[in-house]
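Residue strings, one per chain:
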Amino acid sequence: MKITLIEPLNVSPETIERLSSKLKEEGHTFKAYDTLWKDEEEQSERIADSDIVMLANHPLSASVIHKAENLKMVDVAFTGIDHIAADACRERSITICNAAGYSTETVAELVLGMTVGALRNMTKANETVRRGGTSAGLGGREIAGKTVGIIGLGAIGTRCAELFLAFGAKVIAFSRTHRPKAAELGIEYKSLDEVLAESDIISLNLPNNAETKGMISREKIALMKKNAVFINCARGPIVDNKALADALNNDELGFACIDVYDMEPPIPEDYPLLHAKNTLLTPHQAFISEEAMERRAEIVFNNVYAWLQGNPVNVK
């Protein structure tokens, strides 16, 4: 089999060598690229006659997939697969696997960090001290005693809930799937509208798909408390981000912490959220930590070994 890692995994060359050594010992051909392709043509050239392709969060289009005549497996070093032309893969019975679970801890920790940053005015405080100012008016609020609404109670949403509970918050949730873990934690399920209206802090933790795209609409944003903190470390297209920016600028929402957008960074200069007040913006980094990148690499290589043995895991 020809196996190709077509983009960097943000781990050391030594890690890639260690994880791929067994493939080479078993007679497979393995090649890893340490740069991103410049266009689809170069991406196609990298895939060429590969049987297995490994990639992270950059798009893999139907046209590229159709050109890869030998392709049998797409191994995605990411939780979501909405950047992959999944229908094109399924038409040819190409297996898609993801890296489920690698980023649960690191995303949840950033959600909590953003919440503290928002409630304790960290952005303003940083600017103030650099201008020679004082702490006057910057005390902020605590997480303890607040109602936190989790939208999407999967692995990441559940971990966020655990951390918020440890801070002394009450947690309510909207989720299609009711999990035993939620009952153990004392989380109360409510409708989406109830969660939006009752929460002081809202964390969005859903995948981007046909059902969730645009779910947090202008009308849904209007349900939120005027001093609420809204956090999106999930997927940008789930939210009407123009409406979110308008709500912030019109003092109809307290604060927004955003890691994901309608496109991958760099963000265009005219993007509304860049000019909205009371925001903490990060460049899609929630899933990135040293530990998460190591876990991710382990998972995607294990996916390959499992598929080669006829027992695929993490199939999407």
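Use the structure listed above.
Residues numbered from 1 in each chain as written. Predicted model: local features only at pLDDT ≥ 70, side-chain atom pairs only at ≥ 80, totals over all residues. Heavy atoms only, no water.

## Re the overall build of the chain
- Along the chain, the regular secondary structure elements total 12 helices and 12 strands.
- Taking 20 Å as the expected radius of gyration for a compact globule of 316 residues, we find that the chain reaches 21 Å, a close match to that expectation.
- Referenced to the eigenvectors of the C-alpha coordinate spread, the extents of the chain come out at roughly 65 × 45 × 35 Å.
- Across the 316 residues in the chain, those meeting the buried criterion constitute 51%.
- Restricting the contact set of the chain to residue pairs at least 6 apart, pairs at least 24 apart contribute 63%.
- Accessible surface, the chain: about 14700 Å² in total, of which carbon and sulfur atoms supply 51%. (Helix = DSSP H or I, 4+ residues; strand = E, 2+ residues; numbered from the N terminus. Rg over C-alpha atoms; globule rule 2.2 N^0.38 Å. Buried < 20%, exposed > 50% of the residue type's maximum accessible area, 1.4 Å probe, protein only. Contact = heavy atoms within 4.5 Å. Areas by Shrake-Rupley, 256 points an atom, 1.4 Å probe, with all protein chains shown as cover.)

## Some thoughts on the side chain of T282
- Mapping T282 onto the fold places it in the loop between β12 (279–281) and α12 (290–308).
- Classification of T282 by relative accessible area gives buried; the value is 11%.
- Leave out the neighbours within four places in its chain, and T282 touches L110, M114, I258, D259 and Y261.

## Examining unusual backbone geometry
- Of note, the amide linkage connecting P265 to P266 takes the cis form, showing an omega dihedral of 10 degrees.
- Look at S93: it is not a glycine, yet its phi comes out positive at around 60 degrees.
- Residue position: S93 is located in the loop between α4 (86–91) and β5 (95–97).
- Judged by its relative accessible area of 62%, S93 falls in the exposed class.

Any functional reading would require information that these geometric values do not contain.
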